[in-house]
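Listed below are the residues making up each chain.
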Amino acid sequence: MSGPRSWWSPRGVPLGPRLIAFDRIRFGITIAGIGFAVVLLLFLIALYDGVRTESNGYIASRPVHAWVAQDNTTNFIKSSSFLMAAGADVLSEVDGVIEVTPLLRLITTVHFGDRHATAIILGFAPQSVAGRPEMAEGSAVPGRGEIVLDRALASQLGVRINGTLTVHGRAVRVVGLSRGTNSVMTQLAFIPLDDARELFGVPQVASFLLVRGAPEVSHDALVERLAGRVPRTSVFTREQFAANNMQELEGGFLPILATVAMLGGIVALAILTLLLYGAILEQRETYAVLKAIGAPDSVLTRLILFQSLAAVVGGMVFGVAAYALCAPLVLWAVPVMALSLSPSALAAVGVAFAIIGMVGALLPLRRVQRIHPAELFRA
Amino acid sequence: MSGTPAVRLAQVSRFFGDAGSTVVRAVDGVTLDAARGSLTVLMGPSGSGKTTLLSLIGGLLSPTQGTVEADGVTLSALDQPALTAYRLRHIGIVFQAFHLIDALTLLENVELPLNLAGRARPASRDRATELVDRLGLAHRRDVRPRTLSGGEQQRCAIARALANDPMLVLADEPTGSLDARSGEEVIALLHAEAADRGRAVVVASHDPRMLRYADAVVTMDFGRVAGLTSGRTR
């Protein structure tokens with residue numbers, strides 16, 4: 001005679017599914033509990049990825065070889081940098097350099113009707129592709145008196161293309177909405193460099209110089225050539241500058257999100273364990289009967305794991321569906337929220353919850369081991 | 001077949017409680033044989049040790065002292081997995097409170113031990129159907145236990161106990177939760193399993209109707225065998 005056959009085999013009584021179906025209200029509550037934990041976790045991960053992608057998107061995607069900043073300035077996000085724009089002329093003379101474009105960064109409040117928001121205004125040379133943002137809508141080349149806004153900032157202000165904002169007391173017309181320019185805490189807005197200098201009264205000043213080199217010149221080689229050409233400047237490859245920014249992000253806001261995400265996982269584990277444990281107590285008699293009629297421990301283990309993993313799968317489906325429904329609503333309600341959920345992040349959450357399902361089954365398994373079939377004689 | 005010892009208990013004791021606290025001698029030095037083809041009834045007042053003795057015979061409890069042999073196998077020497085496997089294939093248990101699995105239909109309750117023992121469908125379903133029909137439950141195969149009468153539930157529990165064709169059937173107060181007529185049916189069924197199919201049937205009961213069918217009556221008191229009577233009194 002062969003060994004004990006799996007109860008979920010199509011060739012036998014489907015005990016696991018039957019137990020779930022019999023106690024479907026409790027199982028539904030378990031799925032909902034896990035599902036809400038999944039939603040929470042997905043939002044945190046999406047926000048984490050969104051902040052990473054959006055905050056660094058503009059910096060990392062510049063079609064340039066190098067960023068030049070004031071000495072001791074290592075990143076765009078958490079630093080100030082002031083350079084004399086004339087440095088651009090010096091760097092233009094360096095062998096292998098095709099173009100040097102100044103970028104002026106200033107922080108101010110923009111107004112639209114009775115709404116206002118803080119934004120990072122970037123003055124750039126519209127005729128150069130180096131400073132142009134990636135567009136969601138409209139033109140990436142603002143003329144004098146025009147502005148390109150991050151799309152989340154536009155939503156927050158309630159302004160559309162052709163709307164008129166006030167920046168530093170001057171009216172500017174919105175001609176485009178950009179993407180990859182939202183760092184959640186603040187958003188970018190783009191105006192012509194001359195307008196920026198005029199508005200803020202800082203002629204001949206730049207914050208950064210973007211250097212585009214010949215295609216055959218490596219980024220590292222160009223940085224070596226540029227270093228020291230303009231006094232009191234630091235030169236970075238685009239990749240290094242983007243990495244510096246990411247490091248700033250990961251040292252600040254992101255660890256908080258990661259911690260909250262981990263807490264979400266722990267909450268999910270606690271919910272699963274608690275509800276599964278409750279289900280085992282409710283089904284105590286069934287497990288005692290199974291032991292009495294000779295069900296081996298392996299069958300009982302598989303039965304618990306089946307219920308646990310079924311709850312996790314159900315919770316994942318519930319959670320992903322709820323996320324898909326809620327994410328657009330959240331973005332509508334909070335336009336500056338940056339959410340980005342990749343398939344690999346989703347797969348990682350699935351794997352994490354499968355592990356949570358198995359770990360969550362440990363305590364109920366121990367409880368089942370302590371159920372003694374002889375207790376059936378007393379009831 | 002009849003008369004061959006299926007179960008042999010030699011000086012079996014089971015004590016509860018730790019050293020230093022009060023030790024309860026639930027079963028104390030019991031020596032007993034139950035033959036194949038016989039119906040053995042354990043009688044005695046509540047707390048006399050009948051149920052503990054059934055648990056020892058069924059391998060649900062291990063003896064503190066002595067040995068329990070079933071069909072030549074010393075149960076008290078087996079580890080838990082081996083004991084569980086032995087119980088699955090050789091021992092059927094019937095409880096006073098039926099203890100059917102509510103999540104399963106009547107037929108599935110009977111089929112489950114067959115699957116656990118390695119018999120797959122359609123053989124397991126055929127065997128369960130045969131048993132359910134034989135015990136007069138053909139019209140109730142696909143209903144849940146909760147919707148059955150007490151007598152029907154107990155017959156289903158007996159069918160489950162018989163699924164793997166065990167040589168030993170243990171029943172704890174099988175008529176305790178039944179009306180008079182259902183109780184009679186269950187007693188007759190258990191007797192038939194012993195007399196017609198050569199199983200050893202051991203029943204713990206307060207029901208005096210059992211005595212009419214018993215091949216041996218063991219009277220328990222304070223965990224000991226207070227009396228042993230052979231032959232039927234009907």
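Structure report, in brief. (Residues numbered from 1 in each chain as written. Chains lettered and ligands numbered in written order. Predicted model: local features only at pLDDT ≥ 70, side-chain atom pairs only at ≥ 80, totals over all residues. Heavy atoms only, no water.)

### Quick notes on the packing of aromatic side chains
Residues and elements named next belong to chain A.
Here is step 1 of the chain: Taken as a whole and judged by the stated rule, the model has 10 aromatic pairs over all chains.
Here is step 2 of the chain: A ring pair is formed by Phe36 and Phe318, whose centres lie 5.4 Å apart and whose planes are at 75 degrees; its orientation type is edge-to-face. Of this pair, Phe36 sits in helix α2 (residues 24-60) while Phe318 sits in helix α10 (residues 297-333); the two residues are 282 residues apart in sequence, bridging distant segments of the chain.
Here is step 3 of the chain: Note on Phe36: relative accessible area 53%, which makes it exposed.
Here is step 4 of the chain: Given a relative accessible area of 31%, Phe318 falls into the partly exposed group. (Phe/Tyr/Trp six-rings, centres within 6.5 Å; stacked < 30°, edge-to-face > 60°. Helix = DSSP H or I, 4+ residues; strand = E, 2+ residues; numbered from the N terminus. Buried < 20%, exposed > 50% of the residue type's maximum accessible area, 1.4 Å probe, protein only.)

### Topic: the interface of chain A and chain B
Here is step 1 of the chain: Every contact between the two is made by 31 residues of chain A and, on the other side, 33 residues of chain B.
Here is step 2 of the chain: Of the roughly 2,800 Å² buried between chain A and chain B on both sides combined, carbon and sulfur atoms contribute 67%.
Here is step 3 of the chain: Area buried by chain A at its contact with chain B is led by A:Val13, A:Ile293 and A:Phe377, which between them contribute 27% of it.
Here is step 4 of the chain: One can count one salt bridge joining chain A with chain B.
Here is step 5 of the chain: Note that A:Arg18 is salt-bridged to B:Glu108, the shortest N-O span being 2.4 Å.
Here is step 6 of the chain: Every element with two or more residues in the side of chain A that touches chain B is listed here: α1 (15-22) and α9 (284-293) of chain A.
Here is step 7 of the chain: With seven residues, α9(A) is the single largest residue contributor to the side of chain A that touches chain B. (Contact = heavy atoms within 4.5 Å. Buried area = accessible area lost by both parts, 1.4 Å probe. Salt bridge = Lys/Arg side-chain N within 4 Å of Asp/Glu carboxyl O.)

### Observations regarding the packing of α2(A) against helix α8 (residues 253-282) of chain A
The packing of two helices is summarised by the inter-axis angle and the distance between the axes.
All names here are of chain A.
Here is step 1 of the chain: Close contact between α2 and α8 brings their axes to 9 Å; oriented N to C, the two are set at 170 degrees. Our classification of the angle between α2 and α8 gives roughly antiparallel.
Here is step 2 of the chain: For the contact of α2 with α8, the per-class residue count stands at 20 nonpolar, five polar and three charged. (Axes fitted to C-alpha atoms, helices over the stretch in contact; angles between N-to-C directions. Parallel < 35°, antiparallel > 145°, perpendicular 65-115°, else oblique. Nonpolar A, V, L, I, M, F, W, Y, C, P; charged D, E, K, R; others polar.)

### Details of unusual backbone geometry
What is expected of a backbone is that most residues other than glycine have negative phi and most peptide bonds are trans.
Residues and elements named next belong to chain B.
Here is step 1 of the chain: A cis amide bond links Arg121 to the next residue, Pro122, at an omega of 10 degrees.
Here is step 2 of the chain: If you trace the backbone, Pro122 turns up in the loop between α3 (106-116) and α4 (123-134).
Here is step 3 of the chain: Although it is not a glycine, Asp71 adopts a positive phi angle of roughly 55 degrees.
Here is step 4 of the chain: Even without a glycine there, the phi angle at His99 is positive, about 50 degrees.
Here is step 5 of the chain: Structurally, His99 can be placed in the loop between β6 (91-94) and α3.
Here is step 6 of the chain: Looking at His99, the relative accessible area reads 3%, which means it is buried.

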